[in-house]
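What the coordinates show
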Amino acid sequence: MNNIKIDKSIIPAKIVNLNAIELKNVVFNSKFPKQYQKNDDGSFLVKLVSEIKNESDIKKILSSIGIDKNTQVVYNKNTSRVNLKINNYYVFDIGVDISQKDGYTHIFGDWYVNETRPTKSRNISEIVPITGILIEFANQFKSDNEIKIESITLGYYIPESKRGVNNMNTSATPCYKILTSNNESYFYNARNGEYLK
């Protein structure tokens, strides 16, 4: 449809109905360094005197500033990435990058701790079926070139206006992330089907 292609095997067959979750910005955690830098986009930058030799070192450093040591680290010698995941669901576009520069470990990004645990609702009517969202996507993003949908992932989304160190508390909405072959990501509210970004 409209040059949008999808392999039906990647369409989630089972509806998982998540509720919104309440989150607290990690900068308000008592372990978080008070001398952090606030960036123009509202994210934080922390500089610590430390050395990183492996993934274990990163986890220790993150734990020291209030970020869960059980997080999944994408380790790289130059810059490592940690994406926020709560009970096996990603909070899309939220995470920190860790790098070494001039004897300091730089930790840059956004991070939140959950105030409420994600719960699954029994009321399936509360979530929009992914098929409806895929039809909306195909109608909304028509293309002259073929675009293939590579993956569909259920997770959470925090609106950009609700992110950053100025917001102590925020909520994350259940959301579908559609990733395409041209490496673009599209986010849809799983409750009402609204295109978010």
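The paragraphs below set out a description of the structure included in this document. (Residues numbered from 1 in each chain as written. Predicted model: local features only at pLDDT ≥ 70, side-chain atom pairs only at ≥ 80, totals over all residues. Heavy atoms only, no water.)

Concerning helix H1 (residues 55-64)
An α-helical turn contains 3.6 residues, so any two residues separated by three or four positions project in the same direction. For clarity, the cut-off: Three labels apply to residues, based on accessible area from a 1.4 Å probe with only protein chains included: buried if under 20% of the type maximum, exposed if over 50%, partly exposed otherwise in between. The numbering of helices and of strands both runs from the N terminus, where a helix is a DSSP run of H or I of at least 4 residues and a strand a run of E of at least 2. The arc refers to the directions leading from the helix axis to the C-beta atoms. Any two residues whose heavy atoms approach within 4.5 Å at even a single point are treated as in contact. N or O atoms within 3.5 Å of each other form a polar contact, as long as, within protein, one can give a hydrogen and the other can take it, and as long as residues adjacent in sequence are counted only when both atoms are side-chain atoms.
Of all the positions in H1, only Asp 57, Ile 58, Ile 61 and Leu 62 are classed as buried. Buried residues of H1, viewed axially, fall in a sector of 130 degrees; they line one side. Against strand E4 (44-49), strand E5 (73-74), strand E6 (79-86), strand E7 (89-101) and strand E8 (104-109) lie the buried residues of H1. Between the side-chain oxygen at the start of H1 and the backbone nitrogen of Ser 56 there is a gap of 3.1 Å, and the oxygen is on Asn 54.

Focus: the side chain of Ser 43
Following the sequence through the fold, Ser 43 ends up in the loop between strand E3 (37-38) and E4. Within the structure, the side chain of Ser 43 is placed 2.5 Å from the side chain of Asp 41, a separation counted as a polar contact. If near-sequence neighbours (up to four positions away) are discounted, Ser 43 is found in contact with Gln 37, Lys 38, Phe 108, Gly 109, Asp 110 and Val 165.

Description of the packing of aromatic side chains
Heads up, the rule is: Classification of ring pairs rests on two measures: the distance between centres of Phe, Tyr or Trp rings, Trp counted by its six-membered ring, which must be within 6.5 Å, and the angle between planes, read as stacked under 30 degrees, edge-to-face over 60 and tilted in between. Lysine and arginine charges are scored as sitting over a ring when NZ or CZ, respectively, is within 6 Å of the ring centre and within 35 degrees of the ring normal.
Following the criterion strictly, the structure yields 10 aromatic pairs and no others. Each ring, one from Phe 137 and one from Phe 141, has its centre 5.3 Å from the other, and the planes form 40 degrees; the classification is tilted. Clustering of aromatic rings is evident, with ring pairs tying together Phe 137, Phe 141, Tyr 186, Tyr 188 and Tyr 195. For the cation-ring pair, Arg 163 lies above Tyr 157, with the distance from its terminal atom to the ring centre recorded as 5.3 Å.

Some details on the side chain of Thr 105
Here Thr 105 is to be found in strand E8. A polar atom in the side chain of Thr 105 sits 2.6 Å from the side chain of Ser 50. A distance of 3.2 Å separates the side chain of Thr 105 from the side chain of Gln 100, its partner in a polar contact. Excluding anything up to four places from it in sequence, Thr 105 contacts Val 46, Lys 47, Leu 48, Ser 50, Glu 51, Ile 52, Ile 61, Ile 98, Ser 99 and Gln 100.

Looking at unusual backbone geometry
Although it is not a glycine, Asp 93 adopts a positive phi angle of roughly 65 degrees. As for its position among the elements, Asp 93 is in strand E7. Despite not being glycine, Asp 102 shows a phi value in the positive range, around 50 degrees. Locating Asp 102 in the fold gives a position in the loop between E7 and E8. The exposure class assigned to Asp 102 is exposed, which follows from its relative accessible area of 68%.

A word on the pairing of strand E10 (residues 147-157)
This is how it is decided: At least two DSSP bridges between two strands are needed for those strands to be called paired.
Here strand E1 (residues 4-6) pairs with E10 via three bridges, running parallel. What sits directly across from Ile 4, in E10, is Ile 147. Bridge analysis of E10 against strand E11 (residues 169-180) gives eight bridges, and the strand direction is antiparallel. The residue bridging Gly 155 from the neighbouring strand is Cys 175, located in E11.

Description of the pattern of salt bridges
Using the following cut-off: By convention in these notes, a salt bridge is any Lys or Arg side-chain nitrogen within 4 Å of a carboxyl oxygen on Asp or Glu.
Taken as a whole, this structure holds four salt bridges when the rule is applied. Here Asp 93 and Lys 197 are joined by a salt bridge, their closest N and O atoms 2.8 Å apart. On the criterion of sequence distance, the pair formed by Asp 93 in strand E7 and Lys 197 in the segment after strand E12 (185-189) is long-range, its members being 104 residues apart. We classify Asp 93 as partly exposed; its relative accessible area is 37%. With a shortest N-O distance of 3.2 Å, Glu 160 and Lys 197 are connected by a salt bridge. In this pair, Glu 160 is assigned in the loop between E10 and E11 and Lys 197 in the segment after E12, connecting sequence segments 37 residues apart. Residue class for Glu 160 comes out partly exposed when judged on its relative accessible area of 49%. Accessibility expressed as a relative area gives 33% for Lys 197, which makes it partly exposed. Salt bridges sharing partners connect three or more residues here, namely Asp 93, Glu 160 and Lys 197.

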